[in-house]
Amino acid sequence: MQDAKSGKDRIKIIVAVAIFIAAAGFAWYQFGGESDYDRSVIRGYLCNECQTPFDHTPKEGDIEPLKCPNCKAMAGYQAELCYWTKGPDGQWKAKLKPTYVILKQRIDHTSREQTYCPDCGHEVVGHNPKPSDDEMAAAEAEAGKR
Ligand SMILES: [Zn+2]
Ligand SMILES: [Zn+2]
C-alpha cells in the first residue's frame with residue numbers, strides 16, 4: 001500500500017501549506033496591507049507641469065515635488081480644492097467638481113504672494129474652505145436641473 005501512504009502525506013503537506021498561506025494573508029491584512037487608514041490618506045495632488053490631478057499615498061520620506069504619474073516630471077504638489085466658479089452675472093457660486101490649485105507657497109516657500117484660482121479667480125488659501133452647505137446644496141440643485 002505504498003501509493004495510499006504517499007497520497008496521505010501529500011494531502012498533509014497541502015493542508016499545511018494552505019494553513020501557512022491563510023495565516024500569512026491574515027497577518028498581512030492585520031498589519032498594514034489594505035486597511036481603511038491607508039485608503040484615507042490618499043489626497044489630491046496636482047502636477048505643475050501637465051496640470052493633471054493625481055492621487056498619492058504619502059509614505060515616510062516623501063518630499064515634494066513628487067513624480068507625476070502622467071508626464072513623469074518631478075512636479076507634483078498637494079493641491080487645494082477650489083469649489084467656486086463665476087456665474088454669468090460675475091458673482092461667485094459653488095460648484096460640485098473642484099478645481100485643483102497649487103498654492104504659490106507650496107512651490108516656493110519664500111513666496112508671500114497670494115494664490116488665485118486660475119479657473120474662477122477666487123483666492124485660494126491653505127486648507128481652502130469649502131463653500132457653505134447652502135451654497136453646495138444650490139450647486140447640487142442646479143446640476144440636477146441640467
Ligand atoms: Zn505631469
Ligand atoms: Zn476656482
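Above this note sits the structure.
Residues numbered from 1 in each chain as written. Chains lettered and ligands numbered in written order. Predicted model: local features only at pLDDT ≥ 70, side-chain atom pairs only at ≥ 80, totals over all residues. Heavy atoms only, no water.

Novice: So what's going on with the pairing of strand β5 (residues 80-86)? Residues and values would help.
Specialist: With 6 bridges connecting them, β5 and strand β6 (residues 92-101) associate as antiparallel partners. Across the sheet, the residue bridging to W84 is A94, located in β6. Counting the residues in the hairpin turn of β5 and β6 gives 5 residues, including G90, whose phi is positive at 85 degrees. (Pairing = 2+ DSSP bridges. Helix = DSSP H or I, 4+ residues; strand = E, 2+ residues; numbered from the N terminus.)

Novice: Can you break down the packing of aromatic side chains residue by residue, with the values?
Specialist: Where two aromatic rings form a pair, the distance of their centres and the angle of their planes describe that pair. Scanning all chains against the criterion turns up 1 aromatic pair. Ring centres 5.8 Å apart and planes at 25 degrees place the aromatic pair Y45 and F54 in the stacked group. Above the face of the W92 ring, K86 is positioned so that its terminal group lies 4.8 Å from the ring centre. The ring of Y83 has K130 sitting right over it, with the charged end atom 4.6 Å from the ring centre. (Phe/Tyr/Trp six-rings, centres within 6.5 Å; stacked < 30°, edge-to-face > 60°. Lys NZ or Arg CZ within 6 Å of the ring centre and 35° of its normal.)

Novice: Just give me the short version of the coordination of the zinc ion (ligand 1), but keep the residues and values in it.
Specialist: Within the protein, the atoms that donate to the zinc ion (ligand 1) are C47 (SG), C50 (SG), C68 (SG) and C71 (SG), at distances of 2.2 to 2.3 Å. Each of the 4 donor atoms bound to the zinc ion (ligand 1) contributes to angles spanning 104 to 114 degrees, and the resulting shape is tetrahedral. We note that the donor set of the zinc ion (ligand 1) lies within a single chain, spaced as C-x2-C-x17-C-x2-C. With C50 in the loop between β1 (43-47) and β2 (53-56) and C71 in the loop between β3 (66-67) and β4 (74-78), this residue pair connects regions lying 21 residues apart in the sequence. For C71, a relative accessible area of 34% translates into the label partly exposed. (Donors = N, O, S within 2.8 Å, 3.2 Å for Na, K, Ca; no water. Tetrahedral: all angles 85-135°; square planar, octahedral: opposite > 155°, others 65-115°. Buried < 20%, exposed > 50% of the residue type's maximum accessible area, 1.4 Å probe, protein only.)

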